[in-house]
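Report on the structure
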Amino acid sequence: MLDEMMAIEANGTWELVDPPRRSRPIGLKWVFKAKKDAAGLISKYKARLVAKGYVQRADVDFNQVFAPVSHLESVRLLLVHAANEGWSVHHMDVKSAFLNGELQEEVFVEQPPGFVLRGHERKVLRLMKALYGLRQAPCAWYAKLDSSLLGLGFKRSSSEHAVYLRGEGAHRLVVGVYIDDLVITGGNINDIDSFKLQMKGTFQMSDLGLQHYYLGLEVSQTPQGITLRQSAYAAKILQNTGLTGCNPTLIPMEPRLKLSKKSAAPAVDQTA
Amino acid sequence: MFMEEPTTEHLAAVKRILRYVAGTLDYGCRYTRKKMKEAVLSGYSDSDLAGDLDTRKSSTGVIFFLGDNVITWQSQKQKVVALSSCEAEYIAGTTAACQGVWLARLLGEVKGKQEGASTIYIDNQWAIALSKNPVFHDRSKHIDVRFHFIQECVEEGRVHVA
């Protein structure tokens with residue numbers, strides 16, 4: 001909890017002000033999570049301060065909420081292109097991405113529970129940067145990332161607004177954005193590394209190295225090419241449905257099966 | 001559409017899908033490198049006439065490859081009732097054209113080159129002929145304007161059909 005407060009304070013997220021006359025400040029609350037590792041053991045406890053964004057009204061408290069994300073098709077297109085060219089694909093993620101978003105609107109929030117300044121109990125906080133839970137947080141973050149990437153000499157693809165391009169020929173660098181996940185690929189490893197350094201200078205980033213897990217896709221990269229799988233996800237589906245040991249088949253549907261609303265088969269017992 | 005009042009038939013079909021998942025746990029997409037030639041974008045469209053017994057609507061199937069590597073695929077029920085298999089194929093071809101135009105444009109941008117065209121392989125001679133040659137006759141004059149998008153794409157060279 002203290003870590004989160006320090007991160008927020010260090011970020012210049014808000015300033016203490018007298019309550020505004022006309023608007024009601026938005027409440028804040030803490031959300032606690034136990035993070036588990038791949039083996040299912042608790043690895044760390046995390047606290048996140050969130051705004052109760054559900055009280056915000058369109059056009060009054062916010063205007064734009066749209067933030068583009070890359071389609072899975074374009075992610076695959078990038079991967080196919082990388083495989084064709086023999087490029088390696090790297091992965092980075094932005095820590096606490098939404099806290100970087102700069103707010104266009106005036107937003108007031110109450111002081112966070114447990115951290116009310118003594119002697120200033122009636123004051124509220126005016127937000128400069130976004131908080132998780134605010135309706136405009138994703139949009140504010142995307143705007144920030146967009147301007148940073150454009151500032152680094154990238155061009156945004158006109159047919160997919162979450163794909164950014166820089167350089168020519170052997171120095172081509174392609175970046176796909178999914179909220180706070182960046183897929184980076186290019187012909188020259190030095191270009192990728194220098195881009196990573198530039199990003200680390202702009203945001204708090206974690207460098208996940210060669211991409212091996214992205215949006216549920218298990219990615220494996222070899223000199224021969226790239227393979228995508230979802231084995232862990234598929235195994236989990238079978239586990240959830242209790243069909244782990246079932247008799248496998250190689251055809252997903254009974255041949256020539258036709259289903260109709262006029263079916264005379266008995267209804268499923270939904271409580272079973 | 002069978003989400004309300006599912007019957008044991010539907011449950012059996014779902015279980016069958018899960019058994020398929022169990023049999024294909026390690027399956028995935030493999031993207032391999034072909035050094036010699038530049039990969040071309042090609043799409044395939046197919047349709048199933050009146051596959052839905054209740055509404056008699058057809059289904060569209062589309063898949064796109066870059067070289068040997070698959071990029072995207074879709075299967076969906078068509079929004080209108082097709083009167084013939086040719087018509088169902090033509091509607092499926094249009095869906096493919098929409099996807100192909102977008103993919104070609106994005107690929108062009110990623111490569112930093114002029115956008116290329118994609119080739120769409122339609123499973124029906126009449127549909128191929130109609131998309132190349134906008135003649136109207138009794139059997140095609142009722143087809144909705146939106147499905148003639150593919151004719152425009154072919155005329156402008158953004159899509160080739162075969």
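Now for a quick tour of the structure. (Residues numbered from 1 in each chain as written. Chains lettered and ligands numbered in written order. Predicted model: local features only at pLDDT ≥ 70, side-chain atom pairs only at ≥ 80, totals over all residues.)

1. Digging into the overall build of chain A
Rule in force here: In this text, helices come from DSSP runs of H or I with a minimum length of four residues, and strands from runs of E with a minimum of two, each type numbered from the N-terminal end. Radius of gyration means the value over C-alpha atoms here, while the globule rule gives 2.2 Å times the residue count to the 0.38 power. Neighbour counting defines burial: a residue surrounded by 20 or more other C-beta atoms within 10 Å of its own C-beta is buried, one with 12 or fewer is exposed, and intermediate counts give partly exposed, using backbone-placed C-beta atoms. We call two residues in contact when their backbone-placed C-beta atoms lie within 7 Å.
Summing up its helical and strand segments, chain A has 5 helices and 14 strands in all. Taking 272 residues into account, the globule formula puts the C-alpha radius of gyration at 19 Å, and chain A, at 24 Å, lies well above it. Seen through its C-alpha atoms, chain A measures out along the principal axes to roughly 75 × 60 × 40 Å. Expressed as a percentage of its 272 residues, the buried residues of chain A come to 28%. Nonlocal contacts in chain A, meaning residues at least 24 apart in sequence, comprise 66% of its contacts between residues at least 6 apart.

2. Quick notes on the environment of Cys29 of chain B
Mapped onto the secondary structure, Cys29 of chain B falls in strand S1 (residues 28–32). Between the C-alpha atoms of Cys29 of chain B and Thr72 of chain B, which are 43 residues apart in sequence, the distance is 11 Å. Excluding anything up to four places from it in sequence, Cys29 of chain B contacts Thr227 and Leu228 of chain A together with Val70 of chain B.

3. Looking at the packing of helix H5 (residues 231–240) of chain A against helix H1 (residues 8–23) of chain B
Basically, it comes down to this: A fitted line through C-alpha atoms serves as each axis, taken over the contacting stretch for helices, and the angle formed by two N-to-C directions is quoted from 0 to 180°. Our angle categories are set so that under 35 degrees counts as roughly parallel, over 145 as roughly antiparallel, 65 to 115 as roughly perpendicular, and the remainder as oblique. Left-handed describes a crossing whose near helix is turned anticlockwise from the far helix through less than a right angle; right-handed describes the clockwise counterpart. When residues are sorted by character, Ala, Val, Leu, Ile, Met, Phe, Trp, Tyr, Cys and Pro go into the nonpolar class, Asp, Glu, Lys and Arg into the charged class, and all the rest, Gly among them, into the polar class.
Running from N to C, H5 of chain A and H1 of chain B point in directions that differ by 140°, and their axes come no closer than 10 Å. In terms of orientation, H5 of chain A and H1 of chain B fall into the oblique class. Handedness of the H5 of chain A/H1 of chain B crossing: left-handed. Residues Ala234, Ile237 and Leu238 of chain A of H5 of chain A form the contact with H1 of chain B, whose participating residues are Leu18, Val21 and Ala22 of chain B. Across the contact of H5 of chain A with H1 of chain B, the residue classes tally to 6 nonpolar, no polar and no charged.

4. Comments concerning the sheet that holds strand S4 (residues 69–77) of chain B
Residues and elements named next belong to chain B. Counted only if it meets this: Here, any two strands with at least 2 DSSP bridges between them count as paired.
Taken together, 5 strands build an open sheet; the order of strands is S4-S3-S2-S5-S6 and the sheet is mixed. Edge positions in the open sheet fall to S4 and strand S6 (159–161), since each of these has one partner strand only. Each adjacent strand pair in this sheet contributes to an overall mean axis angle of 20°, direction not counted. Pairing analysis gives 8 bridges linking strand S3 (residues 59–66) to S4, with the strands arranged antiparallel. From the neighbouring strand, Thr60 faces S4, where its bridge partner is Gln76.

5. As for the interface of chain A and chain B
With 50 residues of chain A in contact, the opposing surface of chain B contributes 42 residues. For the side of chain A that touches chain B, the secondary-structure elements that each account for two or more residues are helix H2 (72–85), strand S14 (225–229) and H5 of chain A. With 10 residues, the single largest contributor to the side of chain A that touches chain B is H2 of chain A. The residue makeup of the side of chain A that touches chain B, split by class, is 26 nonpolar, 15 polar and 9 charged. In terms of strand pairing, S14 of chain A meets S1 of chain B through 5 bridges, oriented antiparallel. Within the sheet, the bridge partner assigned to Arg229 of chain A lies in S1 of chain B and is Gly28 of chain B.

6. With respect to unusual backbone geometry
Peptide bonds are, in most cases, trans, and in most cases residues other than glycine have a negative phi. All names here are of chain B. Even without being a glycine, Ala50 presents a positive backbone phi close to 50°. Note on placement: Ala50 falls in the loop between strand S2 (41–48) and S3. Owing to 18 C-beta atoms within 10 Å, Ala50 belongs among the partly exposed residues under this scheme. You will see that Arg56, though not glycine, has its phi angle at about 65°, which is positive.

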